[in-house]
Every structure is written in structure tokens, then in C-alpha cells.
Amino acid sequence: MHHKLGHRIPVSVRVSPLTDGDGTIVGGIELFTDISHQAANRLRVQELEELALLDRLTRLANRTYLEREIASRLEEQKRYAVPFGILLVDIDHFKRVNDTYGHDVGDDVLRFVANTFLSNNRAFDVFGRWGGEEFVGVIRNTDDDGLRAIGDRLRTLVRSSYMAREGGRLQVTVSVGATLARPTDSIGSLLKRADVLLYESKGAGRDRLTLG
């Protein structure tokens, strides 16, 4: 199985079981994990937890940390011309999941999607929960093609995975707005542009990425 991301990285391919709160296996997710980044991700989670910058439900960075991270990347871009981009990700039809299965299952879906990001990101990128069913990825040292490749890879992993519920499979998809930061951007203008692009993805049928 080959995945083109513009360059080759060492990965391990496995199927990781998904369990509920009692430890019962309820599904599986195929993970393509860069081996060299696993330890870095574990250290990041530990550090964020100690600093109260971790979203307790998803184990991703929380909004406060994301705002600090974006501000740092904007300053880095201004001083050293280091490019970065934003992925604004929203779970499609999440209200329907909550209404149909209940909020406990909705929480499981949030953790499920977050785990996909946490297990498959590069060590120097940051993913966090922006609020509700929205997530933000801060993707460093990338261009349009790289940003699209990373976003589409994660989107495809979510779509290809499932949770077993009531004798069937519960599958979700995500829509993505992707944009590179510009020299004139503030946090507000960058996220606003990503939000517009996200809703273009929603309007075009969901389960897609719009880059702008």
C-alpha cells in the first residue's frame, strides 16, 4: 500500500482495536504511524496535561494552546519566512450522531477522530480540539500540495475506519478547510478564511477538502 505525501517516511501499518469504557472491542482503525514520531507525541500529551492545555475528552491540545501555537507560527513566519498552514476539520452530521446514538457515543466519535489525528501526525505539527466537533491542525513547513496531501490523508483515514454499534458499523466523515498563512494574517483572519473553506466543503457534499 502506498501513500504519496511528497516524500517517503518510515511507517508502521497495523489495525488498532477501538474499545469502549469497559474495555470491550467495538471496532478497528488502520493506522499509518510514523514510528519516529510516536515518542514525541507521547511527550507532547504529557506536557500539555501538566500545563492544563490538554482537552480532557480527546487528549488533544485545547483551544488555548492552539491559539498560542498559531501566534508563534505567525511570528516565526514573519521573522524567518517559515511557511505553515491550517486545517480546520469538522465531523460531518455530528448532531445526527448525538441524536441517534446519544452523547456517550458522540464522545466516542470525538475520541475516535482525535486518535486518528494523534496517531498519524508529524511530530512538529499540532492538532487540537477547537470546540464542539471542530478540530484544528497547525501544519508547519509546508506548501499547498503538502497541506492538501496531509489533510486528505487524514480525511481518508477517518472515512475508512468505523465503530461497531448495535450489530452494524458506525462510520463518520470529516470536511476540511485548508489554507496557508499569509504575511498579513492574524489569528482571526487565518481561521476565518479556513472556516469559509470548510463550509465550501460542506456545501459541496461533505467528506472533502477545500484549499484556498
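The structure reproduced in this document is the subject of the present report. (Residues numbered from 1 in each chain as written. Predicted model: local features only at pLDDT ≥ 70, side-chain atom pairs only at ≥ 80, totals over all residues. Heavy atoms only, no water.)

**Regarding the overall build of the protein chain**
Next, step 1: Across its full length, the protein chain carries six helices and nine strands.
Next, step 2: Per-residue burial for the protein chain yields a buried fraction of 49% across its 212 residues.
Next, step 3: For the protein chain, contacts bridging at least 24 residues in sequence account for 65% of all contacts bridging at least 6.
Next, step 4: Total accessible area computed for the protein chain in this model is approximately 11,000 Å², and 49% of it derives from carbon and sulfur atoms. (Helix = DSSP H or I, 4+ residues; strand = E, 2+ residues; numbered from the N terminus. Buried < 20%, exposed > 50% of the residue type's maximum accessible area, 1.4 Å probe, protein only. Contact = heavy atoms within 4.5 Å. Areas by Shrake-Rupley, 256 points an atom, 1.4 Å probe, with all protein chains shown as cover.)

**Observations concerning empty space enclosed by the protein**
Next, step 1: Scanning the model with the defined rule gives two cavities of 30 Å³ or more in all.
Next, step 2: Size it by volume and the second largest cavity reaches roughly 40 Å³.
Next, step 3: Forming the walls of the second largest cavity are Leu87, Val89, Phe117, Phe127, Gly151, Leu154, Arg155, Val174 and Val176.
Next, step 4: Breaking the lining of the second largest cavity down by element, the ones donating at least two residues are β3 (84-91), α5 (144-159) and β8 (174-180).
Next, step 5: In terms of residue count, the dominant contributor to the lining of the second largest cavity is α5 (three residues).
Next, step 6: In terms of residue class, the lining of the second largest cavity is built from seven nonpolar, one polar and one charged. (1 Å grid on protein atoms, 1.4 Å probe; cavity = no way out; pocket = protein on both sides within 12 Å on 5 of 7 lines; lining within 4 Å. Points joined across faces, edges and corners; volume = space filled by probe spheres on them. Nonpolar A, V, L, I, M, F, W, Y, C, P; charged D, E, K, R; others polar.)

**Re the sheet that holds strand β4 (residues 126-131)**
Next, step 1: Strand order in the open sheet made by the five strands is β4-β5-β3-β8-β9, with mixed pairing throughout. This sheet does not close on itself; its edge strands, each paired only once, are β4 and β9 (209-211). Put simply, the sheet's adjacent strands are angled 20° from each other on average, direction ignored.
Next, step 2: Sheet topology note: the β8/β9 ladder contains three bridges and is parallel. (Pairing = 2+ DSSP bridges. Axes fitted to C-alpha atoms, helices over the stretch in contact; angles between N-to-C directions.)

**Re the pattern of salt bridges**
Next, step 1: In this structure the tally under the stated criterion is 15 salt bridges.
Next, step 2: Between Arg140 and Glu76 there is a salt bridge, with the nearest N and O atoms lying 2.7 Å from each other. Separated by 64 residues along the polypeptide, Arg140 in strand β5 (residues 134-140) and Glu76 in helix α2 (residues 63-80) bring together distant segments of the chain.
Next, step 3: Among the salt bridges present, the one from Asp207 reaches Arg155, with a minimum N-O distance of 3.1 Å. Linking Asp207 in the loop between α6 (187-203) and β9 with Arg155 in helix α5, this pair joins segments that are 52 residues apart in sequence.
Next, step 4: For Asp207, a relative accessible area of 19% gives the class buried.
Next, step 5: Taking the relative accessible area as the measure of exposure, Arg155 reaches 11% and is therefore buried.
Next, step 6: Ionic contacts of the salt-bridge type, sharing partners, join the residues Glu69, Arg73, Glu76 and Arg140 into one network. (Salt bridge = Lys/Arg side-chain N within 4 Å of Asp/Glu carboxyl O.)

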